[in-house]
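Read off the chains here:
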Amino acid sequence: MPKPLEVTLPSDREVRVVRSFNAPCQLVWDAHTKPELIKKWMLGPPGWSMPVCEMDVRVGGSYRWRWRCDEDGKEFGFFGTFTEVNKPARIAHEEHYDPGDVGGAMSTEPALISNDLTEKDGVTTMVVTMRFPSKEARDGAVSTGMTDGMEMGYARLDETFAAVA
């Protein structure tokens, strides 16, 4: 099993997440770009579903993701535009937070998110770089437990990859 993600803060506005998967690069790419796959693993903690996952994966294409708490029906999400699509090595997008009825601050400036994938001997390493509009926005995002939720999703992805291996 791959080890859990590694989180660093390379600057006062950035979060970098590094995670490896025992899967070829193309499978990891598909898991991050195909809505029918994303809805199976990008769920964070148990008790959440993803009723909206719309993606037009091309430069200038948009996406919209929305999660719902199964217990109380509250929702939140993210939306934005793809700025770079270099299959299967790199994808980047602007990310706006939609607080829905979960709440939280919504910046008018988007975060800039990039995913870089490299494969060696059937293991794909993904580096996610999140650049926030300010230190306060970065610290706010980190304080939500965002990276814990990411690891829960990535662990589900590991199970999916193991099932097709």
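Residues numbered from 1 in each chain as written. Predicted model: local features only at pLDDT ≥ 70, side-chain atom pairs only at ≥ 80, totals over all residues. Heavy atoms only, no water.

Enquirer: With reference to specific residues and values, describe the overall build of the chain.
Expert: From N to C terminus, the chain includes four helices and eight strands. Counting from the amino terminus, the chain carries its helices and strands in the arrangement β-β-α-α-β-β-β-β-β-β-α-α. The C-alpha radius of gyration of the chain comes to 15 Å, within 12% of the 15 Å expected for a compact globule of 165 residues. In terms of overall dimensions, the chain has a C-alpha envelope of 40 × 35 × 30 Å along the principal axes. Residues classed as buried in the chain amount to 39% of the 165 residues present. Sequence-distant contacts in the chain: of pairs separated by 6 or more residues, those separated by 24 or more amount to 47%. With the model as given, the accessible surface of the chain reaches about 8,700 Å², and the carbon-plus-sulfur share is 54%. Counting 19 positive and 26 negative side-chain charges, the chain places the averaged centre of each group 2 Å from the other. (Helix = DSSP H or I, 4+ residues; strand = E, 2+ residues; numbered from the N terminus. Rg over C-alpha atoms; globule rule 2.2 N^0.38 Å. Buried < 20%, exposed > 50% of the residue type's maximum accessible area, 1.4 Å probe, protein only. Contact = heavy atoms within 4.5 Å. Areas by Shrake-Rupley, 256 points an atom, 1.4 Å probe, with all protein chains shown as cover. Lys, Arg positive; Asp, Glu negative; His and termini not counted. Charge placed at Lys NZ, Arg CZ, Asp CG, Glu CD.)

Enquirer: For the packing of aromatic side chains, give the residues involved together with the corresponding values.
Expert: The full count for this structure, using the stated rule, is twelve aromatic pairs. Ring geometry for F76 and F78: centres 6.2 Å apart, planes at 85°, overall edge-to-face. Assessed through its relative accessible area of 19%, F76 is described here as buried. Look at F76 and Y97: their rings are 6.3 Å apart centre to centre, the planes differ by 50°, and that puts the pair in the tilted class. With F76 in strand β5 (residues 75–86) and Y97 in strand β6 (residues 90–98), the pair connects residues that are 21 residues apart, well separated along the chain. (Phe/Tyr/Trp six-rings, centres within 6.5 Å; stacked < 30°, edge-to-face > 60°.)

Enquirer: Help me get a handle on the nonpolar core, residues and values and all.
Expert: Residues M50, W65, M130 and Y154 are the most contacted members of the largest nonpolar core, which totals 35 residues. Counting residues per element, this core draws most heavily on helix α4 (residues 146–164), which supplies five residues. Excluding its chain neighbours within four sequence positions, the residues that come into contact with M50 are I38, K39, M42, L43, W65, R66 and W67. (Core = buried A, V, L, I, M, F, W, Y, C linked by side-chain atoms within 4.5 Å.)

Interpretation in functional terms is not warranted from these geometric data alone.
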